[in-house]
Protein chains: 4
Amino acid sequence: MTDRNINVEAAERAAVEDQGVEIVERKGIGHPDSICDGIAESVSQALSKLYIDRVGKVLHYNTDETQLVAGESAPRYGGGEVIEPIYVLIVGRATTEYDGRKLPVDATALSAAREYLNEHVPELDVGTDIVIDTRLGEGSGDLQDVFGEKAAEVPMANDTSYGVGHAPLTETEEIVLTVERELNGAYADDNPELGPDVKVMGKREGDRIDITVAAAMIDAHIPDLDAYDDAVDRVREFVEGVAERLTDREVHVDVNTADDYDEGSIYLTVTGTSAEMGDDGSVGRGNRANGLITPNRPMSMEATSGKNPVNHIGKIYNLLSTDIAETVAADVDGIRDLQVRLLSQIGRPIDQPHVAGAEVVTEPGVDLEAIEPEIRARIDDRLANVTDVTRRVIDGELSTF
Amino acid sequence: MTDRNINVEAAERAAVEDQGVEIVERKGIGHPDSICDGIAESVSQALSKLYIDRVGKVLHYNTDETQLVAGESAPRYGGGEVIEPIYVLIVGRATTEYDGRKLPVDATALSAAREYLNEHVPELDVGTDIVIDTRLGEGSGDLQDVFGEKAAEVPMANDTSYGVGHAPLTETEEIVLTVERELNGAYADDNPELGPDVKVMGKREGDRIDITVAAAMIDAHIPDLDAYDDAVDRVREFVEGVAERLTDREVHVDVNTADDYDEGSIYLTVTGTSAEMGDDGSVGRGNRANGLITPNRPMSMEATSGKNPVNHIGKIYNLLSTDIAETVAADVDGIRDLQVRLLSQIGRPIDQPHVAGAEVVTEPGVDLEAIEPEIRARIDDRLANVTDVTRRVIDGELSTF
Amino acid sequence: MTDRNINVEAAERAAVEDQGVEIVERKGIGHPDSICDGIAESVSQALSKLYIDRVGKVLHYNTDETQLVAGESAPRYGGGEVIEPIYVLIVGRATTEYDGRKLPVDATALSAAREYLNEHVPELDVGTDIVIDTRLGEGSGDLQDVFGEKAAEVPMANDTSYGVGHAPLTETEEIVLTVERELNGAYADDNPELGPDVKVMGKREGDRIDITVAAAMIDAHIPDLDAYDDAVDRVREFVEGVAERLTDREVHVDVNTADDYDEGSIYLTVTGTSAEMGDDGSVGRGNRANGLITPNRPMSMEATSGKNPVNHIGKIYNLLSTDIAETVAADVDGIRDLQVRLLSQIGRPIDQPHVAGAEVVTEPGVDLEAIEPEIRARIDDRLANVTDVTRRVIDGELSTF
Amino acid sequence: MTDRNINVEAAERAAVEDQGVEIVERKGIGHPDSICDGIAESVSQALSKLYIDRVGKVLHYNTDETQLVAGESAPRYGGGEVIEPIYVLIVGRATTEYDGRKLPVDATALSAAREYLNEHVPELDVGTDIVIDTRLGEGSGDLQDVFGEKAAEVPMANDTSYGVGHAPLTETEEIVLTVERELNGAYADDNPELGPDVKVMGKREGDRIDITVAAAMIDAHIPDLDAYDDAVDRVREFVEGVAERLTDREVHVDVNTADDYDEGSIYLTVTGTSAEMGDDGSVGRGNRANGLITPNRPMSMEATSGKNPVNHIGKIYNLLSTDIAETVAADVDGIRDLQVRLLSQIGRPIDQPHVAGAEVVTEPGVDLEAIEPEIRARIDDRLANVTDVTRRVIDGELSTF
């Protein structure tokens, strides 16, 4: 056991699962805000790798500010077209020179963004449907020498920041997260008409869960309104199936509720994302680090995507607190609701937070004192391996949105 | 009494004032994120007024996506210079034509942004230190006819959205908010070396409050390091004075803790904002609608600044829930902590939320049942006057960040 | 014979071939100015085709203003990299809506530019090495209805404009033109180290011709300085061969004269164009419509590339005057030097110029009066077929730079 | 007398004044192309001064690539408005760091552009009616150390380039130049309805001169069509007066011939330039260094505006050849037409051109041999003072367009 300041206590509140009303949201990977998060994070990973490859360590950068300006499109049954391209501006700071050697940060950023889009929003033809530009400036002088020379070294916190994580997911959270992932996974593979811009909203009141899905359909695969209607029905049935697997509560599913068939107003797109027609996007405006927006729980305002995973304490603590909460909840029996909060202390190593606080709601009949040592041990262990988070982020193993 | 679905209940938690650890943050008006919020909201007000002036009603727009790319500067005692200007891209949607008549939305947006900056960050010479550009496209067709013809009419909710507000402020919140406002008010008037980029962080552990201020100094008014040191001291003393006025708890104040005089590393700027040197900014990444970032409280992820105040339910409900909480806490005795949450229902008038929930922590000895009717009546009254929020936003009476 | 105002007269000057000093220049297709010309013209062709395809006729547009901002690169023997991408802004006017239907002009322009670059500067990876953006606005209202409904109709001149063409080429002109075309043709196919940015300058003083070639080498195919030196030698030998084929005069060839091997200063590039490193470009700043810059001859200042080939009188007359000069010089014996000038008359059909003037220097012993009828007939014939120029431009048969 | 290679010979052609048809054009200072020339040149002057001020000598830069994208406006009798701002991108190369010290090239460029516009196109509200942005990159390494350390030193030619100048002006040239200057001078001072975008075209056939003026009127000063018609009449009368002062030939003046009062199509603007509505612009596409476009005379394709006046041989030789021609024609009697051409020689001082050639058409009865020594002496003298051109350009004494 170390001398880390770990504080485990009983939560002075009901578990979210037991609260009367719960709201949960997830913006799918094709949503304009998520596209920005995805680009920002893929640019960050690419820059980390570039720096490690060229100079053996990650240099200063921060690319957490991608801005997307919506385009204009003319969807049509059987296949329409993009009229005015989406515009994406990758914004941030990056070290462009080291030891007298120039580093291709702009080209690397553009390349990473293009690869990301090709993989996740493949209907978007980069360069025609979407224009990507960069404005990556130098950081302030102070920040350029912030990193230790030794990769293994635990960096110092350079800011007062905090992170918050929760586990386990409530049923509603689990459903919302799973629905989006499976729709954008196996379902889309089999149903090419479904675009990646899938937004899932879950609302639970008592034991009734309403799941509302807004799903962008791709016009090339939709010959007419009947086909559209079928596609919407298939999504609904699929989502109902997912939900039934995950809860015994009463579940109602709505898909594309804003449609008005009489007016010919349906959610039809050329590329599968509303960014093609009027929806702008930005980093840090959508999902939190655990992939969800959860108004019932404390959330960090910090954008996680695009930040430097070596020294940005806000990013590290958001990911680490989530990781800790999940680990504890998985390993220790008897936890109904766990919230982990990490608060940094300027000038101390980041594995020594000012406080690592866990608020626990135990299962009925479980005594917190009995499981407290186990919880504490796991928190201590994860903190000791804090640099692991950095490595996993660079390798793309940890999702940030 | 109406049939509005108002739900008043006891909070299943301690008042934030009584929790063990509390964190509060406010990004001052000169912070890059706040600059974006301020520009977005001033553009929004200007567009609302333009539309009312020209066509008698507010047309569709949404300007909640301003992106700021930091510049580069060379501060120097006595007055340095901006090397590379800050770049600001105003992004959003706006109706550019109505009844065959073109409307000057771009020129209006640029003009509003310039006026805002001239007033709030006057050291920034717009056009030289900062370049402002716009990308305001048309919205999607569906959204263009969303508004009722009658101004007085309560609009329908077009999305499932929610807002959350709290009152009264805890001592720490009050201190953080007041410190920034007074520093950027009377203090700056008397001490021109203080720039508007003042970031205030408050941390309370038990009965000790730590206030950390990062204050950008303007080099033209700082002849040397001694003068800088004096300026920092003056800020500290002023902040201590503000804090002592507002709490009996033990308060410690730190100003510009990242300074390192030996290394010559101090927080000296040419224009009074870190945007001049390496800090990018974006709308919705900073303060919530009540002016604070409060991880101890549920917060909405929605950006409030820049959104259309006529029909954007997220904006209206964030502002209204704050307004309701403040009104109730001011008018009804015995409330220690109040959280108001509004959840919209698609297709119903916005003064008829799906649920308006109030969670109350009463003062010791106060019975919730006794004050519940009063609380309910005030909530009902504020909801009935929901269109008031819209008007006050357009008139600039309600702050959004 | 028609009533066209055709004026054939003897030139009051020596043939350029017989002047004491002659200067000729050609910027190769990979030169930054030529890249802009090429993009502008390919965008123009694509828009013409788009309009014909969608609405049956060419609508108003003008895309003669592409701007290229140079990038930054780090060439290296064996293969370097682009550090900062080239930025290209396609500027102009285009009709985006017709009969209530939106037309994808931006997407079409981006697509055309990319295809053009892929074909002519293939080492440039569009999207990574070069970012292409568009700013295509609407034209002024007056100009939008300028075209007749019938495609076959000869349009009216809407401006006072003129065009000037010459034939036959002098030996120096022929050499300069041929050298660039063959270097960028068969030679480059066999010698992949040669980039498309080949600039050829010819200077003739009396009977000595100096050909100076600046040829961008592509680093991936150049392992070391010896290889570079060999590559330069090969170009020199090839150019000498071309020149000897085309003239009996004394020819001296220099290649990459600015190189300084001792300083390591050579013309090595990553992508084969100097646009990657410091050379900006713009439409209309390089070659005239006949592919050359010829200070010994009158030239039009008008940019030809990117202009609308249906109604832009400057473009049509520049191409047509060149075409007429070449036709006459080819068909009529005894012409040593011919200059054709067309001057438009506002409000009259463009096949009825205000004046079509031919200045002729005959071969020794040839009487102008004898060949004048033939010349006149051919001019008349070409004018009668003026709409042919439009068609050939749209089909890409006529080069504009 | 030096050993400079000066070649004076009789022109093998008629004086332009005596040719049958002559065309001359001048784009006024408010024309979109001229706006770009003016911005580029004012940025150049400002950078020269910045470098001299900070490091004692002019560093490498080249700002000859400003691009203007037209805006959109809604002119109206009595005062309309700009709908979408004009966008100007200042493009070029500039040294941003010297001896470890950053130099504010972007801020300097933006400031210079704004001042230029405020002075010459005052109706344009910079920041609202027109957005100015910069993309000034570093030059290629080779070019950065091209300048000698001593200011007085004559630099070496680094390129094969040439310049060409003429004098005296023909009557038509004189009229075109004077008309634009006086319209944009005293006339505009007294007639505020006249905008600076005045385009003057002169066409002489034999002894008849047609002057066509396109003059942008400013709507705030034009209450109705009658006032517009009066304004057009006043311009016509004024131009007739100027022309009568300068020639005895028959002169016809047309103003705003494209107007169609029945269709309500007139040349009414908000800001006095067609850049507000559909006319893009670019550097080097308009007037040559002597302020005119003269198809009857050889012209250089080189853009003069914005180029570095210390070492850009094309700029220096264009300005110097014009200066020499004017000096010679003013000082030496008996010259009817003079063309001066300077051709550089790489690696030799620029006061030692490869050849300085003068082609002279003498007045009837004047013997070229008699005045040849005088001509030669003046050319030699001006060449000896070549660095004077640089100084005068930096001081803004020499116009470049």
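Residues numbered from 1 in each chain as written. Chains lettered and ligands numbered in written order. Predicted model: local features only at pLDDT ≥ 70, side-chain atom pairs only at ≥ 80, totals over all residues. Heavy atoms only, no water.

S.K.: Give me the UniProt feature "binding site: ATP" (unreviewed entry) in chain A: which residues, what numbers.
M.R.: Residues and elements named next belong to chain A. Within the UniProt annotation, "binding site: ATP" (unreviewed entry) is assigned to Gly137, Glu138, Gly139, Ser140, Gly141 and Asp142. Structurally, Glu138 can be placed in the loop between strand 10 (130-137) and strand 11 (162-167). Residue Glu138 is classed as partly exposed on the basis of its relative accessible area of 27%. Taking the relative accessible area as the measure of exposure, Gly139 reaches 5% and is therefore buried. (UniProt positions renumbered as here; feature names shortened; annotations may be inferred. Helix = DSSP H or I, 4+ residues; strand = E, 2+ residues; numbered from the N terminus. Buried < 20%, exposed > 50% of the residue type's maximum accessible area, 1.4 Å probe, protein only.)

S.K.: Quick rundown of the relation of the copies chain A and chain B? Include the residues and the values.
M.R.: Aligned on chain B, chain A shows an RMSD of 0.0 Å; the corresponding rotation is 180 degrees and the shift along the axis is 0.0 Å. The superposition operator between the copies reduces to a two-fold rotation axis. When C-alpha distances to the rotation axis are compared across chain A, the minimum falls at Arg13(A), with a value of 2.3 Å. Both copies contact each other with a shared surface, as 100% of the interface residues of chain A are interface residues in chain B too. (Least-squares fit on C-alpha atoms with pLDDT ≥ 70 in both. Contact = heavy atoms within 4.5 Å.)

S.K.: Go over the interface of chain A and chain B with me, naming the residues and quoting the values.
M.R.: Contact with chain A, which involves 56 residues of that partner, is made by 56 residues of chain B. Of the roughly 4,400 Å² buried where chain A meets chain B, counting both sides, 53% is carbon and sulfur surface. Of all residues in chain A, the largest losses of buried area upon contact with chain B belong to Glu65(A), Arg285(A) and Met301(A), amounting jointly to 17% of the total for that side. Across the chain A-chain B interface, the total number found is six salt bridges. Across the salt bridge formed by Arg93(A) and Asp280(B), the nearest N and O atoms sit 2.6 Å from each other. Between chain A and chain B we count 18 residue pairs in polar contact (both at pLDDT 80 or more) in total. Elements with a minimum of two residues in the side of chain A that touches chain B: strand 4 (67-69), strand 7 (86-94), strand 12 (194-205), strand 16 (281-282) and strand 17 (335-343) of chain A. With five residues, strand 7 of chain A is the single largest residue contributor to the side of chain A that touches chain B. Its residues assigned to classes, the side of chain A that touches chain B comprises 20 nonpolar, 18 polar and 18 charged. (Buried area = accessible area lost by both parts, 1.4 Å probe. Salt bridge = Lys/Arg side-chain N within 4 Å of Asp/Glu carboxyl O. Polar contact = N/O pair within 3.5 Å; in protein donor to acceptor, adjacent residues only side chain to side chain. Nonpolar A, V, L, I, M, F, W, Y, C, P; charged D, E, K, R; others polar.)

S.K.: Please give an account of the relation of the copies chain C and chain D that cites residues and values.
M.R.: Mapping chain C onto chain D is achieved by rotating through 180 degrees and translating by 0.0 Å along the same axis, at an RMSD of 0.0 Å. The residues that chain C uses at the interface reappear at the interface of chain D in 100% of cases, marking a shared surface.

S.K.: Explain the interface of chain C and chain D residue by residue, including any values.
M.R.: With 56 residues of chain C at the contact, the number on the chain D side is 56 residues. At the boundary of chain C with chain D, total buried surface from both sides reaches about 4,400 Å², with 53% on carbon and sulfur atoms. In terms of surface lost to chain D, no three residues of chain C exceed Glu65(C), Arg285(C) and Met301(C), which account for 17% of the buried area on that side. The interface formed by chain C and chain D contains six salt bridges. Notably, a salt bridge pairs Arg285(C) with Glu65(D), separated by 3.6 Å at the nearest N-O pair. Between the two partners, chain C and chain D, sit 16 residue pairs in polar contact (both at pLDDT 80 or more). Broken down by secondary-structure element, the contributors of at least two residues to the side of chain C that touches chain D are strand 4 (67-69), strand 7 (86-94), strand 12 (194-205), strand 16 (281-282) and strand 17 (335-343) of chain C. In terms of residues, the side of chain C that touches chain D owes the most to one element, strand 7 of chain C, which gives five residues. For the side of chain C that touches chain D, a count of residues per class yields 20 nonpolar, 18 polar and 18 charged.

S.K.: Please set out the packing of aromatic side chains residue by residue, giving values where relevant.
M.R.: The way to describe two aromatic rings as a pair is by their centre distance and the angle between their planes. One pass over the structure, following the stated rule, counts 12 aromatic pairs over all chains. When the centroid spacing of 6.1 Å and the interplanar angle of 35 degrees are considered together, the rings of Tyr51(C) and Tyr61(C) count as tilted. Here the residue Tyr51(C) occupies a position in helix 1 (residues 32-55), and Tyr61(C) occupies one in strand 3 (residues 61-62), the gap between them amounting to 10 residues. With a relative accessible area of 0%, Tyr61(C) lands in the buried category. Between Tyr228(C) and Tyr261(C), the ring centres sit 6.1 Å apart and the planes meet at 70 degrees, which makes this aromatic pair edge-to-face. On the criterion of sequence distance, the pair formed by Tyr228(C) in helix 4 (residues 225-246) and Tyr261(C) in the loop between strand 14 (250-255) and strand 15 (268-269) is long-range, its members being 33 residues apart. Sitting over the ring of Tyr87(D), Arg135(C) keeps its end group 3.5 Å from the ring centre. (Phe/Tyr/Trp six-rings, centres within 6.5 Å; stacked < 30°, edge-to-face > 60°. Lys NZ or Arg CZ within 6 Å of the ring centre and 35° of its normal.)

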